[in-house]
Amino acid sequence: MTVDTAVPDTRAARRWARQCVAVGVVLAVIVALVASGAGGPGTAHTVSSWGLLAMAGCAFAACLWRSRGFTGRARWAWTVIGTGLLLWGAGQFSWLTRWPVAGAPDGLFPVLGWPGVIGLAVLLPAGLLILPTASQPLVNRLRSILDGLLIAVSLALVAWVFVIDQQLESSAHGPGFHRTLVFPLTDIVLATMVAYMLPLQRRRHGCGADLAFLGTGLAAFAVADVGHVYLELIRQYDSAPMVHLASATGYALIVMGALRPRDGESAPLDLPPGVWNGAVLVPYLAVLAALGSSVMFYAQTGQSHTFIANTRSLLILLIVGRQLLTQLENRALTRTLESRVTERTAELNAREQRFHALIRHSSDVVTVIDADGMIRYQSESMRRVFGYPPEVFIGRRYTDLVDAEVAMRLAQAMRQVAARPFAHVTLEVVHTHRDGGKRPSEVIITNLVDDPHVAGFVLNTRDISDRKELQEQLMHEAYHDSLTQLANRALFRDRAGSALSAGGEVTVLHLDLDGFKRVNDSLGHLAGDQLLVQVADRLRGCVRDGDLVARFGADEFGVLLLGEDESGAERVARRILDDLEVPVSVGARQIHVRASIGLAGTGKLPESDSPGDHAEQLMLPESDSPGDRAEQPMLPESDSPGDRPEQPMLPESDSPGDLPEQPMLPESDSPGDRAEQLMRNADLAMHHAKAGGGGADACYRPRMREGLVERLELESDLRAAVENGDLRLHYQPTVDLATSEVIGFEALVRWPHPARGMINPLDFIPIAEATGLIVPLGRWVLHEACRQAVEWAAAGDGRPPKMSVNVSVRQFDRADLAEMVAAVLAETGMPADRLCLEMTESVLMTDTEANLEQLLRLKALGLTLAIDDFGTGYSSLAYLRRFPVDTLKIDRSFVERLGVIADDTALTDTIVRLGKSLGMATVAEGIEEFGQLAALREMGCGYAQGYYFSRPVPAAEAGRLFLEGATV
């Protein structure tokens, strides 16, 4: 194996130029001294002979230097070439000087003459043959020797007829003269070998400048040796120094070629095919010229000559030898070609089998339809996906085999792409399975009519029943409560808005169970869940089929009554209260349930858009007194799952209207806004009923808003707390389910109010959203969380925790969000890859293009993105593929039902598998029991949070969990 060990040098070109100038100067001095004739003929012979010897030595040294840049055959080739040049130069020196040696009448010539011939006729051809080149095999190079001999012998015959024979007639020459013909013949053969090697080397490898210099030098040798033969013929030896200056020039060219740096940047030689074919015919043209000359000689003299006869015989032998080599090369080529054809055929068969196997086992059904609408190919997967054998489709019209509506849509889609080659379109249709079932399908139609290998429309059809089912499940979860299967707030609001658009009486009942927190605290969460399910069933039984019952969250329910005025709604409310008086059986216990109900009808909605009317839209906070607040199911440090201690720092909705306790001014009188106002009025009435002791109903009255003063005070206190830095962060650990190690934390904001105590985030975060305080609050939370993470990393021997921070939809509305995050990372020194920003699914569904651009800018910083409370909203799978999300956080409502309801377990497993298929990590929230943990581990969920591991704790306690490397 040959290896080029030369190291590229940017100064090599300039160094080579200086070396060429030096060689040129030496050559110019020799030429000047010989041409001037200074000192007489003897001096010219001396300068010419010593100059030849010196230049030959330089060529030898340059070839040795070049050989050092290679290993293997290339090093040996350049060494042999250099040795041959040195011996040939020594032979020329001995012939020119006739250096006297005692006892030898001809001096050094007998001693160095034969080694010189060996150097020229043996070593130089051997070096060229040894020189490795993948572009010209050995047989081809041997054939180039025969071509050179054919050319050289033919030229010798032509020269004999027109020049040599005429001179021989006037002077006598012995066998020595005939031996001198060997030198130019050898030079021509060597030059021919290089001439055949050089173009192939340039064409295949884009290099070969060294061979070009070598071939030019050998051509110069041929000129010198032809002149030498001519001087021998006419016996004029005084001009020998001038003739041999061509040899000195040849050595100089070889030196330049050997010293030239190998930069590998020469442009590949791309000669036309006619040039290559002409080069192959050159030897035959030379032979034809030789034969023509011999025929002319015979016609002129009437006799043949021994030299001519022998030369023609030699040409015949060379032609026969060349043909034999050509036959050997053709046989080798044929064998190689047959082997390549066999290998290529096997490869094509293997590819075809692989293609058929992939198509056969693909989840896609591949159909090829020609421009006339006929099916030309149907993949085997049709049998597996839709139950039909593919044979029944071949040669039939596709539109004749599907339903009329599907056929019309497919025909329209094909017409859409028919005018644009290689265009494609995607559509969803419903195909009929062979068993009669309907299968939602996605069809991708690609126009490959202009592709000669296909010549038709390619339909890739896939069954998306599972995907549709999952989307329907997610949509159902988005609009229904997972525990009671009642409608949720979003669906309730939509139905209320639709009812208001249709006109007529619409009344909303807002129901809240009294003392529900005590049930959770005393009997456990499972008993509380069973109680909620039975309450939901009783509510359904108390209303008509056209009415809507919803669960708003925790122990709050809503009832939408259509066509009922306030008096009729009061009767429904009393019926509900009476029905709840009957004890509820939870296990072996009988639980008495009481509820507070607020009613609000369309009769109390404002009729105008005046500022005074809008001012009346302000509402009371969730509770009217600290005592009432204690009854609520959401406290920061409670064990109740309804408390949601893992609640994100920011709410999932960007609409203040989604939060009943938030004061707002309606932006318009649209049905959705009026429905929201109606729900808030019912909420106010419910709080009024609860303030009276509970177990009763109350109708909405405008005076109920007077309690908003307390909420306004809370807003003022929050603004001061943000400005004075009175807020605190608690940290809930994130656990790796594979190792049970704490790998990071989620930062959750807490507000220790100096007078009210610890305030629930659900009480002050909506206020921050509505007032715009969420922007400075969010920046402070991000800065403090990053600073704390960097501090823990420094104390933990560089082991960095993963810090998660929630981001509000309102923050996404600001164009400088990415710049703010980058500034915080720079200020705190937090590595971007250790920060995770969490957002709710509403980010994916609102202002999609702008939020996508915002997410891409954040992702470019190097941080990770997570969807919080996944499954509670409605996010299309297409959005999940489109947005650069790294993590799905499974909502606690799915986790808390693990092991209780099989469907919920299946849906949680589906979400975990969905995350894996999309390359996303999954984090389960709200783990409280070992059974939930075991189920999630079996599903392959990666990470988890929840009270089972730890509550949200202050920084000091969280730091101990992380720095001590605790497993939880």
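Definitions and cut-offs
Residues numbered from 1 in each chain as written. Predicted model: local features only at pLDDT ≥ 70, side-chain atom pairs only at ≥ 80, totals over all residues. Heavy atoms only, no water. Helix = DSSP H or I, 4+ residues; strand = E, 2+ residues; numbered from the N terminus. Buried < 20%, exposed > 50% of the residue type's maximum accessible area, 1.4 Å probe, protein only. Contact = heavy atoms within 4.5 Å. Pairing = 2+ DSSP bridges. Axes fitted to C-alpha atoms, helices over the stretch in contact; angles between N-to-C directions. Patch = residues over 30% accessible without salt bridge, like charges linked within 9 Å, V, L, I, M, F, W, Y side chains within 5 Å. Areas by Shrake-Rupley, 256 points an atom, 1.4 Å probe, with all protein chains shown as cover. Salt bridge = Lys/Arg side-chain N within 4 Å of Asp/Glu carboxyl O. Parallel < 35°, antiparallel > 145°, perpendicular 65-115°, else oblique. Nonpolar A, V, L, I, M, F, W, Y, C, P; charged D, E, K, R; others polar. pLDDT = per-residue confidence, 0-100. Left-handed = near helix turned anticlockwise from the far one by under 90°. Core = buried A, V, L, I, M, F, W, Y, C linked by side-chain atoms within 4.5 Å. Phe/Tyr/Trp six-rings, centres within 6.5 Å; stacked < 30°, edge-to-face > 60°. Lys NZ or Arg CZ within 6 Å of the ring centre and 35° of its normal. Expected span 1.5 Å × (residues − 1). Arc of directions from axis to C-beta.

**Digging into the overall build of the chain**
- Across its full length, the chain holds 34 helices and 21 strands.
- Out of the 968 residues belonging to the chain, those deemed buried represent 49%.
- Looking at the chain alone, contacts between residues at least 24 apart form 71% of all its contacts between residues at least 6 apart.

**Observations regarding the sheet that holds strand E11 (residues 594-601)**
- Pairing in this open sheet of five strands is mixed, and the strands run E7-E8-E6-E11-E12 from one edge to the other. Edge positions in the sheet fall to strand E7 (548-553) and strand E12 (697-699), since each has one partner strand and no second. Ignoring which end each strand starts from, the neighbouring axes of this sheet average 20° apart.
- With five bridges connecting them, E7 and strand E8 (residues 556-562) associate as antiparallel partners. Along E8, the bridge assignment pairs Arg551 with Phe557.
- In this fold helix H16 (residues 489-502) packs onto strand E6 (506-514), E7 and E8, with an angle of close to 140° to the strand it touches most, E7.
- Each of E6, E8, E11 and E12 is contacted by helix H19 (residues 566-581), which is oriented at about 170° to E11, the strand it contacts most.

**So, a nonpolar patch on the surface**
- A contiguous nonpolar patch, built from Val21, Val25, Val29 and Leu33 and spanning about 340 Å² of accessible area, is present on the exposed surface.
- The residue Val21 is located in helix H1 (residues 12-36) in this model.

**Describing the packing of helix H17 (residues 516-523) against helix H18 (residues 525-541)**
- At a minimum axis distance of 6 Å, the contact between H17 and H18 shows a crossing angle of 140°. What the angle tells us is that H17 and H18 run oblique. Taking contact as the criterion, the partners of Phe516, Val519, Asn520 and Leu523 in H17 are, on H18, His525, Ala527, Gly528, Leu531 and Leu532.
- Broken down by class, the residue content of the contact of H17 with H18 amounts to six nonpolar, three polar and no charged.

**Some thoughts on the confidence of the model for the chain**
- Within the chain, residue pLDDT values average 79, and 81% of them lie at 70 or more.
- Every residue in residues 1-7 is under pLDDT 50, and counting partners more than four places away or in other chains gives 20 contacts.

**Considering unusual backbone geometry**
- A positive phi angle, close to 65°, is found at Phe422, a residue other than glycine.
- With respect to the helices and strands, the residue Phe422 is situated in the loop between helix H14 (404-418) and strand E3 (424-432).
- Of note, Ala554 is a non-glycine position whose phi angle comes to about 55°, a positive value.
- The topology assignment puts Ala554 in the loop between E7 and E8.

**Some points on the packing of H16 against helix H22 (residues 671-691)**
- Where H16 meets H22, the closest approach of the two axes is 8 Å, and the angle between their N-to-C directions is 115°. Crossing of H16 against H22: the hand is right-handed. From H16, Arg489, Phe492, Arg493, Ala496, Gly497, Leu500 and Ser501 reach across to H22, where they touch Pro671, Gly672, Asp673, Arg674, Ala675, Glu676 and Met679.
- Grouping the amino acids of the contact of H16 with H22 by side-chain chemistry returns six nonpolar, three polar and five charged.

**Describing the nonpolar core**
- Met803, Val821, Leu835 and Leu837 are the most contacted members of the largest nonpolar core, which has 78 residues in total.
- Among the elements that take part in this core, helix H25 (residues 774-795) stands out by supplying eight residues, more than any other.
- Excluding its chain neighbours within four sequence positions, the residues that come into contact with Met803 are Tyr731, Phe745, Ala747, Ala785, Ala789, Trp792, Met830, Arg834, Leu835 and Cys836.
- The next biggest cluster of nonpolar side chains, apart from the first, holds 58 residues, and it includes Ala59, Leu190, Leu214 and Val255.

**So, the packing of aromatic side chains**
- Evaluation of the coordinates by the stated rule reveals eleven aromatic pairs.
- For the ring pair Tyr388 and Phe393, a centre distance of 6.0 Å and an interplane angle of 85° mean the geometry is edge-to-face.
- On the basis of relative accessibility, which here comes to 7%, the residue Phe393 falls in the buried class.
- Over the ring of Trp16 we find Arg260, and its NZ or CZ is 5.7 Å from the ring centre.
- One residue, Arg489, lies across the ring of Phe552, its end atom 4.5 Å from the ring centre.

**Observations regarding H25**
- Helix length check: H25 (22 residues) gives 31 Å between terminal C-alpha atoms against 32 Å at 1.5 Å per residue, within 8%.
- Regarding H25, the residues found buried are Ile774, Leu777, Gly778, Val781, Leu782, Ala785, Cys786, Gln788, Ala789, Trp792 and Ala793. Down the axis of H25, the buried set is contained in an arc of 165°. They therefore lie on one face. Residues Ala794 and Ala795 are exposed on H25 and point more than 90 degrees away from its buried face.
- Positive backbone phi, approximately 55°, marks Asp797, located one or two places after H25.

**With respect to the sheet that holds E3**
- Strand order in the open sheet formed by five strands is E2-E1-E5-E4-E3, with antiparallel pairing between adjacent strands. A strand with exactly one partner marks an edge of an open sheet, and here the two such strands are strand E2 (375-378) and E3. Geometrically, the sheet is characterised by an average inter-axis angle of 25° between neighbouring strands, direction not taken into account.
- With six bridges connecting them, strand E1 (residues 364-369) and strand E5 (residues 456-463) associate as antiparallel partners. Opposite Val365, over in E5, you have Thr461 as the bridge partner.
- Relative to the sheet, H14 contacts E1, E3, strand E4 (438-448) and E5, its axis offset from that of E3 by approximately 170°.
- Sitting on the sheet, helix H15 (residues 465-479) is in contact with E3, E4 and E5, with an inclination near 120° to E4.

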